[in-house]
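Examination of the molecular architecture
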Amino acid sequence: FTPGIEPQATWCPGCGDFGVLKALKQAMPEVGRTPDETLLVTGIGCSGKLSSYFESYGFHSIHGRSLPVARAAKLANPGLEVIAAGGDGDGYGIGGNHFMHTARENHDMTYIVFNNEIFGLTKGQTSPTSPKGHKSKTQPHGSAKDPVRPMSLSLASGSSYIARTAAVNPNQAKDILIEAIEHDGFAHVDFLTQCPTWNKDAKQYVPYTDVQDSDDFDFDVTDRREAADAMYEAESRLYEGEVLTGRFYVDSERPSYGAEKRATEEMPEEPLAERYLSDDSEWERSADLLHHHR
Ligand code: SF4
């Protein structure tokens, strides 16, 4: 991966999305993965452009559907490093169902959610993480809804790695992405990304505190109950103006979905993708079948 930001990137000046790209580009060499070993799948939104600016294989999927595409790719080709990405509207709203079940099944991948508390690409509408009372074109008198708690939802659903970081905090972001990518199982990173164009009020600009360094937090990231309390507290304080980032939950014991399927021999050890493409495969490519039937 070449360092630096893709010069053709069309994100607005000062957008937090640049921070995600930068952190990811810095993380990949440290995990020892090359572009041809990596797949980045995105949904729709400003965040969706990430797969165009990253040098790996990319798949810009449809709204809220990055996770099912990523799951299929990982199951067919477990050797690929699979990263899925999307925004808070894409991931916690439109794709909320996929988020819940991909976490539950513990698919081995990293899921980065660009959380800027609004829909950016479509000009600032209220999103699932917009604070209660937030005014926008879709909620001109202020949102009457409580925001989604992404990490609490993630833990309850079954994610085995959960962290929050921020674009204004590039060193921590890089370290967290390295951990998430190296984690075997579903690693969810709620990535706070400022949107200076449509959400100037968001707390994403506020200096952050790392929960691992905070005197207010003393919890064991491997203990589900302690992690649940810590993330609930951090999620509440975000809307009170305090940004708390860091690792919130890590379960290194639970096998991933793919590992379980291979252990029961329901899935072959040999990657399906290689089987399909190998010359001595008993499978026939669909193009060959088409040719035979002509
Ligand atoms: Fe970034 Fe907001 Fe511009 Fe989208 S609209 S590129 S989220 S600053």
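Calculation rules
Residues numbered from 1 in each chain as written. Predicted model: local features only at pLDDT ≥ 70, side-chain atom pairs only at ≥ 80, totals over all residues. Helix = DSSP H or I, 4+ residues; strand = E, 2+ residues; numbered from the N terminus. Buried ≥ 20, exposed ≤ 12 C-beta atoms within 10 Å, placed from the backbone. Contact = placed C-beta atoms within 7 Å. Near = placed C-beta within 6 Å. Nonpolar A, V, L, I, M, F, W, Y, C, P; charged D, E, K, R; others polar. Pairing = 2+ DSSP bridges. Axes fitted to C-alpha atoms, helices over the stretch in contact; angles between N-to-C directions. Parallel < 35°, antiparallel > 145°, perpendicular 65-115°, else oblique. UniProt positions renumbered as here; feature names shortened; annotations may be inferred.

The secondary structure content of the protein chain amounts to 11 helices and 10 strands. Dimensions of the protein chain, computed from C-alpha atoms along their principal axes, come out at roughly 65 × 40 × 35 Å. In the protein chain, which comprises 294 residues, the proportion classed as buried is 46%. If you take every contact in the protein chain between residues at least 6 apart in sequence, the share linking residues at least 24 apart comes to 68%.

Below, the discussion takes up the site of the ligand. Every residue close to the ligand is listed here: Trp11, Cys12, Cys15, Asp17, Cys46, Asn116, Gly120, Leu121, Cys195, Pro196, Thr197 and Trp198. When its residues are assigned to classes, the shell around the ligand shows eight nonpolar, three polar and one charged.

All right, on to the pairing of strand β10 (residues 243–250) then. Counting buried residues in β10 gives seven out of eight residues, a clear majority hidden from the surface. One ladder, built from four bridges, connects strand β7 (residues 161–166) with β10; its direction is antiparallel. Bridge assignment links Ile162 to a residue of β10, and that residue is Tyr249. Sheet analysis places strand β9 (residues 208–210) next to β10, joined by three bridges and oriented parallel. What sits directly across from Tyr208, in β10, is Val243.

Further remarks concern the sheet that holds strand β4 (residues 109–115). In any sheet, the strands associate via hydrogen bonds between backbone groups, in a parallel or an antiparallel arrangement. One open sheet holds the eight strands; their spatial order is β2-β1-β3-β4-β8-β7-β10-β9, and the pairing between them is mixed. Looking along the sheet, the strands with just one partner apiece sit at the ends: β2 (57–60) and β9. Within this sheet the neighbouring strands show an average axis-to-axis angle of 20°, counted without direction. Where strand β1 (residues 38–42) lies against strand β3 (residues 81–87), five bridges are found, and the strand directions are parallel. Counted as the bridge partner of Leu39 is Val82 from β3.

Let us look at the packing of helix α6 (residues 150–157) against helix α8 (residues 224–238). It is at 8 Å that the axes of α6 and α8 come closest, and there the two elements cross at 155°. For the element pair α6 / α8, the angle class is roughly antiparallel. The segment α6 lies against α8, with Met151, Ser152 and Leu155 engaging Ala227, Ala228, Met231, Tyr232 and Glu235.

This brings us to α6. Buried residues of α6: Pro150, Met151, Leu153, Ser154 and Leu155, and no others. Immediately downstream of α6, the backbone of Gly158 shows phi near 125°, a positive value.

Taken from the UniProt record, the annotation "domain: Thiamine pyrophosphate enzyme TPP-binding" (unreviewed entry) applies to residues 44–191. The span residues 44–191 carries 36% helix and 23% strand; its end-to-end C-alpha distance comes to 16 Å.

Turning to unusual backbone geometry, a few remarks are in order. A positive phi angle, near 55°, is found at Asn106, a position not held by glycine. Within the element layout of this structure, Asn106 appears in the loop between α5 (96–105) and β4.

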